[in-house]
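# Overview (structure and organization)
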Amino acid sequence: MDPAPAKAKPQGRLLVSTQLDAKDELEEIIPHFFPPLESQVRQGVFNSLTFIMEKRVLAHLAPLFDNPKLDRELRSMLRERFPEFCSSPSPPTEVKMEEAVSMDMDNHMLDKEEGCYDHTEAAFSDDEEEVSNKGDYVTLLSDDLSTNHCAGKKREFRFHPIKEAVIEEPADITPWLDQLDDTMKEKVQQLQKTSDTETQCEVMQEIVDLILEEDFDSEQMSALASCLAELFKDHFRGDVLPEEITEESLEESVSKPVCLVFRNLVTMQEDNSGFSVLLDMLAEFYQKQPKIGYHLLYYLKASKAANGKMMLYESFAQATALGDLHTCLMMDMKACQEDDVRLLCYLTPSIYTEVHSLTH
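The rules behind these values
Residues numbered from 1 in each chain as written. Predicted model: local features only at pLDDT ≥ 70, side-chain atom pairs only at ≥ 80, totals over all residues. Heavy atoms only, no water. Axes fitted to C-alpha atoms, helices over the stretch in contact; angles between N-to-C directions. Helix = DSSP H or I, 4+ residues; strand = E, 2+ residues; numbered from the N terminus. Parallel < 35°, antiparallel > 145°, perpendicular 65-115°, else oblique. Left-handed = near helix turned anticlockwise from the far one by under 90°. Contact = heavy atoms within 4.5 Å. Nonpolar A, V, L, I, M, F, W, Y, C, P; charged D, E, K, R; others polar. Core = buried A, V, L, I, M, F, W, Y, C linked by side-chain atoms within 4.5 Å. Buried < 20%, exposed > 50% of the residue type's maximum accessible area, 1.4 Å probe, protein only. Phe/Tyr/Trp six-rings, centres within 6.5 Å; stacked < 30°, edge-to-face > 60°.

### Notes on the packing of helix 11 (residues 259-267) against helix 12 (residues 273-288)
Each packed pair of helices is defined by two parameters, the angle between the axes and the distance between the axes. Their axes nearest at 10 Å, the elements helix 11 and helix 12 cross at an angle of 150°. The orientation of helix 11 relative to helix 12 falls into the category roughly antiparallel. In this structure, helix 11 crosses over helix 12, and the sense of that crossing is left-handed. Residues Val261, Phe262, Asn264 and Leu265 of helix 11 touch helix 12, and the partners they reach there are Phe275, Leu278, Leu279 and Leu282. When the residues that make up the contact of helix 11 with helix 12 are grouped by side-chain class, the tally is seven nonpolar, one polar and no charged.

### Re the nonpolar core
One recurring pattern in soluble globular proteins: nonpolar side chains tend to sit buried together. Residues Val188, Leu224 and Tyr298 are the most contacted members of the largest nonpolar core, which totals 68 residues. When residues no more than four places from it in sequence are discounted, the contact partners of Leu224 are Leu180, Met184, Val188, Ile207, Ile211, Phe216 and Met281. In terms of nonpolar packing, the next biggest core, distinct from the first, is built from eleven residues, Ile30, Leu49, Phe65 and Leu74 among them.

### Describing the packing of aromatic side chains
Going through the model one piece at a time under the given rule, you end up with five aromatic pairs. Considering the side-chain rings of Phe262 and Tyr299, the 5.6 Å spacing of their centres and the 50° angle between planes classify their relative orientation as tilted. Of this pair, Phe262 sits in helix 11 while Tyr299 sits in helix 13 (residues 292-302), placing them 37 residues apart in sequence. Taking the relative accessible area as the measure of exposure, Tyr299 reaches 2% and is therefore buried. Here Tyr298 and Tyr346 contribute two aromatic rings whose centre-to-centre distance is 6.0 Å and whose plane-to-plane angle is 55°, an arrangement assigned as tilted. Note that Tyr298 is positioned in helix 13 and Tyr346 in helix 16 (residues 341-358), a separation of 48 residues in sequence.

Now the structure itself:
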């Protein structure tokens, strides 16, 4: 006996389920993702919707948001929270292909005509091509879905400014070296001369040992922090999180000279006299290079040695000039967002579970 054919899942049920998911997401994400920044979260959603229209994925969102098939509560919520996208656009009109191309050309001519040939510093992705008639234009899609037509005679793609090559100047730490005692000065100079990561780590550990000595002059702290911030500036450029996240790649990513300060703090007890000195050193570093804050968060998340040591970040925040965990965390998350959104996504779960618990 042949088995009975499987019943197809009703499309109406799938539509209702999808709408409920969208409704639940809008209700949960905007007000509850991070209440102190609810307006910024809403702005992020608004920017994403605007981006959809700018890239011509959809000409307008009103037909989607006002669709009578949508759940009534969902439509009401969309009108309330995103009224900018719910106003109905003018009815579309049918145009022939040649007319559409001409209209596109005329729209671009209004604001591009004067600057099409005067930018000597601009690099064009395609050679210019003579065209004798408007009707002969062919609409071409570039990567950014934009084509510029100028004066009805020439076709050219959107141009991109030539990026000037960044010439890296050698780190100049002379102004601060003279403020260090001879022993510390010698170690900093060794750090400056070598480019080998393993050797740099060894020298950095020797510098940390000098800081932890009882006779360390705290007046040198600012000068030393300035030297280290200058020497390690390359560490704060580019991506921090490995492309492929594995235990090995994470450990390798935190095996950098600047991480030696973190590693020593993690292994020390808070009642140790050297702990506060090293923490003050890190706080001084923070004034010279604010990115060190979210790099510390990353180390505490990625390093096996720092497992369960997230409380160290609270001690660090209190030692900074900000003096407050919440303020320091917000500043570091903002800097991380501007530099590396992927890293922000990686850090967010631990921030909500571990750092968040410190504030309650």
